[in-house]
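Structure assessment
Residue strings, one per chain:
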There are 2 protein chains.
Amino acid sequence: MTQPARQGFAIFGAGIFATEAYIPAIAALGKAAPPLKAVYSRSFKSAESLSTAAVKALSIPAPDVYHDGENGGGVDAILARQDISSVLLALPIPLQPSMILKALKAGKHVLSEKPVAPDVASGIALIEQYRSEFQGKGLVWRVAENFEVEPGIQEVGRLISDGAIGKVIGFKACVLNYVDKDSKWYKTPWRTVPQYQGGFLLDGGVHTIAVLRVLLPQPITHLSSFASLNKDYLAPHDTIHAIAKASEHYNGTIEMTFAFPTTSKPVSAKDACVVTGTEGYAAISIEGGFVKAVLTTEKKETIVEERMTGVQVEFGSFFDAADGKQGVEPFGSPVGALKDVAFIEAALNSDGALVDLGLLVPGLE
Amino acid sequence: MTQPARQGFAIFGAGIFATEAYIPAIAALGKAAPPLKAVYSRSFKSAESLSTAAVKALSIPAPDVYHDGENGGGVDAILARQDISSVLLALPIPLQPSMILKALKAGKHVLSEKPVAPDVASGIALIEQYRSEFQGKGLVWRVAENFEVEPGIQEVGRLISDGAIGKVIGFKACVLNYVDKDSKWYKTPWRTVPQYQGGFLLDGGVHTIAVLRVLLPQPITHLSSFASLNKDYLAPHDTIHAIAKASEHYNGTIEMTFAFPTTSKPVSAKDACVVTGTEGYAAISIEGGFVKAVLTTEKKETIVEERMTGVQVEFGSFFDAADGKQGVEPFGSPVGALKDVAFIEAALNSDGALVDLGLLVPGLE
């Protein structure tokens, strides 16, 4: 008995991340990825450019180009193709939810970029609709949260969970980003004037919360936070100072800014996260394409150093899940990604008051 | 016209800090300090030991020894001496308020160790009584908060206030202390089982808040915090994770623990404080007897490095104030020290709720 010919996939969105992260990840996956058949972007130019980049990096026939211009076919045409069973969505944040539903309705498996949705309410609605209409049909929907699946982060999470630093008693995250008006990210029009809460704090901040989700053995349940805007061009908010707790287990601090004033950083920013336990601590840095961690007790020092390959890992896992393979890691859970959005949304609105995150994301487990 | 002969002073309390910090500070002051005439401790042994240490370090006639044992004279006898015009109080925290009042009633100038009082209520009562009964008589009462007056901290505070990093937009403090049962501090009986809120968080934590008080141009007005106990022997609490804000000016995080699991620390703990501005940041480390700071903008790096001499500075300033000299720095304000206690008390009790510090310390300016 021969396997049916593997179907292909399409990429929606031809921005920086699709070009700079998606194509190399697909190249690295090699035969573990199905064939890239087509790309879609609103503009012909962007879609064409991504297709060309794919040809170069993947040595494949040019993926077909779909766009919203004249004779571009648009979304409906690409979703109508029977040789495409999966789509990767890397569109502007506000456009994602409707496109996720559109792709699912067309019978495609979907991997959609984080955040799962621009806000908690639309995220819950999406998840509920997926569960009631599409999950039963065997359609896979995952959220691409590459920090969640980084091998280095996963490894440190396992070590902590296995007791490498004893029982966890505290944590902190500190992410200081310098974003000037010349930043390639800032220049993306939908990021320059974001039509969603938090600006970069939503777009990039969910990564940090996803990392904590993997590192901490018990989930964050409550927070209190101050949000602020320190660089006008990063409106509506660019900075969060928060405390959070995991029920009665432990507490921590989260400092997250995209308004850091200089390209250089204080030494304290070298630790993106520190998780403290009864026996020691894990200090994790994420920079230069590597996750590096040192787990230190009085008796032992354990080093973790892993090149960042999260996009490749999440793609591989998604394609395996879409193919119905057994034993695939349950990465990219929309509920997990929703919790990351809930943290950011709560942190933007808390204004120093205690927020119970369980009330924001109720009964979705 | 000759100056009247300068009167002497006494030290109350003969613990670790009196021996290891007070005596060297007095030695360093040299002739700027009046003569040390007497020491008092509850036990003869401690008082005698401090007197001996003073003889050795200061090359002076042995200060008279007062204690609560047989023929020890006790507090009343030492306070009755007319050749002693000032007292330095370094007693267990719960004993300080009544001794401050006793010394003031005896007509002595008082420099009392931080915290100003074990809690905000007793601190307010003390300040009010000082103002109504003793201040008008020309008696000086200051609180010894050596971190407040550290030349390095004062210098960084001046630079920030002068705009060296632009307008302040955020801050953080991070103090990770490892205290085991063999610690000389822990072994002080009144610290082993503290009869006051917060344990080391009150005793040592006020230093950190005092540093922020000097570094930040606008005072902290609100906080939200989680307090926890992670090492049973440090009860009642050993850890604070807090966010704080200075009105609408800026926000920050404060992480403070005496339950750190190891003697080694993560690299991020090298910065005891970071103050961030619109143009740059000031990163301050406090260790090995030095305050070191780097103020960094895109154009310039300013280094501050000062040996820690806070005890000497606060003593010199106190003696000058007690002598009625003009132009003495207004160090050691009991209201300032009360604000530090208010921060700790609020952080211990907030449990994630917003606390308005102005309501805790009302109308005392």
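Residues numbered from 1 in each chain as written. Chains lettered and ligands numbered in written order. Predicted model: local features only at pLDDT ≥ 70, side-chain atom pairs only at ≥ 80, totals over all residues. Heavy atoms only, no water.

How we decide: UniProt positions are given in the numbering used here, feature names are shortened, and annotations may be inferred rather than shown by experiment.
The name given to chain A in an unreviewed UniProt entry is Related to dehydrogenases and related proteins, with the source organism recorded as Armillaria ostoyae. Chain A has a UniProt comment under Sequence similarities (unreviewed entry) that states "Belongs to the Gfo/Idh/MocA family."

**Digging into the overall build of chain A**
As a reminder, the rule being used: Helix and strand assignments come from DSSP, with helices taken as H or I runs of at least 4 residues and strands as E runs of at least 2, each series counted from the N terminus. As a reference, a globule follows 2.2 Å times the number of residues to the power 0.38, and the radius of gyration itself is taken over C-alpha atoms. Here a residue-residue contact requires only that any non-hydrogen atoms of the pair lie within 4.5 Å.
Per the secondary structure count, chain A includes 14 helices and 15 strands. Computed over the C-alpha atoms, the radius of gyration of chain A is 20 Å, within 12% of the 21 Å expected from 2.2 N^0.38 for a compact globule of 365 residues. Here the C-alpha coordinates of chain A stretch approximately 60 × 55 × 40 Å along the principal axes. Here the contacts in chain A between residues at least 6 apart in sequence split such that 71% fall between residues at least 24 apart.

**Things to note about unusual backbone geometry**
Following A235 of chain A, the chain continues to P236 of chain A via a peptide bond in cis, the omega torsion being 10 degrees. The residue P236 of chain A is located in the loop between β8 (222–228) and β9 (239–246) in this model. The phi dihedral of S59 of chain A falls on the positive side, at around 50 degrees, and the residue is not glycine. By the secondary structure assignment, S59 of chain A is in the loop between α2 (44–58) and β3 (64–66). In the Ramachandran plot, N71 of chain B falls in the positive-phi region, its phi being about 60 degrees despite a non-glycine side chain. Relative to the assigned elements, N71 of chain B resides in the loop between β3 (64–66) and α3 (74–79).

**Observations regarding the nonpolar core**
Residue and element names in this part refer to chain A. We apply this condition: Grouping buried Ala, Val, Leu, Ile, Met, Phe, Trp, Tyr and Cys residues that are joined through side-chain atoms within 4.5 Å yields what is termed a nonpolar core. Burial status follows relative accessibility: with a 1.4 Å probe on protein chains alone, a residue under 20% of its type maximum counts as buried, one over 50% as exposed, and anything between as partly exposed. What fixes the domain bounds is an automatic or database domain assignment.
Counting 87 residues, the largest nonpolar core has F12, W141 and F343 as its most contacted members. Broken down by element, this core gets its largest block of residues, ten residues, from helix α13 (residues 334–349). There are two domains that each give this core at least three residues, and those are domain 1 (8–146) and domain 2 (151–311 + 340–360). Excluding residues within four positions of it along the chain, F12 makes contact with Y40, V75, I78, L79, V87, L88, L89, A90, L91 and M99.

**A word on helix α1 (residues 16–29) of chain B**
All names here are of chain B. The following threshold applies: How far a helix is expected to stretch is found by multiplying one less than its residue total by 1.5 Å. For a residue, the bend is simply the angle between two axes, fitted respectively to the seven-residue segment ending there and the seven-residue segment starting there.
With 14 residues, α1 extends 20 Å from end C-alpha to end C-alpha; this agrees with the ideal 20 Å at 1.5 Å per step. Most pronounced at Y22, the bend in α1 amounts to some 30 degrees, and the proline P24 follows within four residues. Those residues of α1 that sit buried are A18, A21, Y22, I23, A25, I26 and L29. If you follow the buried residues of α1, they end up packed against β1 (8–12), β2 (36–40), α2 (44–58), β4 (84–89), β5 (109–113) and α12 (310–322). One or two positions beyond α1, positive phi appears at G30, with a value near 60 degrees.

**Here we look at the sheet that holds β4 of chain B**
Residues and elements named next belong to chain B. What counts here: In this scheme, strands are said to pair when DSSP sees at least two bridges between them. Axis geometry follows a simple rule: fit a line to the C-alpha atoms, using only the stretch in contact for helices, then measure angles between N-to-C directions, giving values from 0 to 180 degrees.
Reading across from one edge, β3-β2-β1-β4-β5-β6 is the order of the six strands in this open sheet, with parallel pairing throughout. The sheet is open, and its two edges are formed by β3 and β6 (141–144), each paired on a single side. For this sheet, the mean inter-axis angle between neighbouring strands, taken without regard to orientation, is 20 degrees. Sheet topology places β1 next to β4; five bridges connect them, and they run parallel. Note that in β4 the partner of F12 across the bridge is L89.

**Thoughts on the pattern of salt bridges**
Worth spelling out the cut-off: The working definition used for a salt bridge is a side-chain nitrogen of Lys or Arg within 4 Å of a carboxyl oxygen of Asp or Glu.
Applying the stated criterion across every chain yields a total of 27 salt bridges over all chains. For the salt bridge of E255 of chain A with K172 of chain B, the shortest nitrogen-to-oxygen distance reads 3.0 Å. Of this pair, E255 of chain A sits in strand β10 (residues 250–257) while K172 of chain B sits in strand β7 (residues 168–176), placing the two residues on different chains. Across the pair, K172 of chain B and E255 of chain A agree in class, each one buried. With a closest N to O distance of 3.9 Å, D83 of chain B and K37 of chain B form a salt bridge.

**Considering the environment of P334 of chain B**
All names here are of chain B. Along the polypeptide, P334 turns up in helix α13 (residues 334–349). Each C-alpha atom, one on P334 and one on I127, is 6.9 Å from the other, the two residues being 207 residues apart in sequence. What P334 contacts, discounting residues up to four positions off in sequence, is V116, I127, W141 and V143.

**Here we look at the sheet that holds β7 of chain B**
Residues and elements named next belong to chain B. Taking strand neighbours across the sheet as the criterion, the nine strands line up as β14-β13-β12-β11-β7-β10-β9-β8-β15 in an open arrangement whose pairing is mixed. Every interior strand has two partners, whereas the edge strands, β14 (301–307) and β15 (355–356), have only one. Of the strand pairs in this sheet, strand β12 (residues 280–287) and strand β13 (residues 290–297) are connected by eight bridges, and their pairing is antiparallel. Following the sheet pairing, E287 is matched in β13 by F290.

**Concerning the domain arrangement of chain A**
All names here are of chain A. For the record, the criterion: Put simply, buried area is how much 1.4 Å-probe accessible surface two parts lose in total, over both of them, once they are put together. Within 3.5 Å is the distance limit for a polar contact, defined as a pair of N or O atoms, with the added protein rule that one can donate a hydrogen and the other accept it, and that residues adjacent in sequence qualify only through two side-chain atoms. Amino acids outside the nonpolar list (Ala, Val, Leu, Ile, Met, Phe, Trp, Tyr, Cys, Pro) and the charged list (Asp, Glu, Lys, Arg) are all regarded as polar, and Gly is one of them.
Taken domain by domain, chain A consists of domain 1 (8–146) and domain 2 (151–311 + 340–360). Placing a centre on the C-alpha atoms of domain 1 and another on those of domain 2 gives a separation of 27 Å. In this complex, domain 1 contributes 20 residues to the contact, which on the side of domain 2 involves 20 residues. Contact between domain 1 and domain 2 buries roughly 1600 Å² in total, counting both sides, with carbon and sulfur atoms accounting for 72%. Contact with domain 2 buries surface across domain 1, with I16, V120 and E145 losing the most and accounting together for 31% of the total. At the junction of domain 1 with domain 2, the criterion picks out two salt bridges. Residue E20 is joined to K184 by a salt bridge in which the shortest nitrogen-to-oxygen separation is 2.6 Å. The interface formed by domain 1 and domain 2 contains five residue pairs in polar contact (both at pLDDT 80 or more). Top element by residues in the side of domain 1 that touches domain 2 is helix α1 (residues 16–29). It accounts for six residues. Among the residues forming the side of domain 1 that touches domain 2, the class breakdown is 15 nonpolar, one polar and four charged.

**Remarks on the relation of the copies chain A and chain B**
Condition: The copies were overlaid with a least-squares fit restricted to C-alpha atoms from residues scoring a pLDDT of at least 70 in each copy.
In screw terms, the move from chain A to chain B is a rotation of 180 degrees and a rise of 0.0 Å along the axis, fitting with an RMSD of 0.0 Å. Expressed as an axis order, the relation between the two copies is that of a two-fold axis. Minimal C-alpha distance to the rotation axis in chain A is attained by S268 of chain A, lying at 1.8 Å. The overlap is high: 98% of the interface residues of chain A also sit at the interface in chain B, so the same surface is used on both sides.

**Observations concerning the state of the cysteines**
Residue and element names in this part refer to chain A. Note the threshold: Disulfides are defined as cysteine sulfur pairs within 2.5 Å.
According to the stated counting rule, one finds zero disulfides over all chains in the structure shown. C273 takes part in no disulfide bond, and the closest cysteine sulfur to it belongs to C174, at a distance of 9.2 Å. Classification of C273 as buried rests on a relative accessible area of 2%.

**A few points about the pairing of β10 of chain A**
Consecutive side chains of a regular strand alternate in pointing toward one face of the sheet and then the other. All names here are of chain A. Counted residue by residue, β10 has eight buried out of eight residues, so it is predominantly covered. Alternating residues of β10 divide into Y250, G252, I254 and M256 and N251, T253, E255 and T257, and every residue in both groups is buried. Sheet analysis places strand β7 (residues 168–176) next to β10, joined by seven bridges and oriented parallel. Looking at the pairing, K172 lines up with T253 of β10. Of the pairings in the sheet, the one linking β9 to β10 comprises eight bridges and is antiparallel in character. Along β10, the bridge assignment pairs A242 with I254. Linking β9 to β10, which pair antiparallel, is a turn of three residues; within it S247 sits at a positive phi near 45 degrees.

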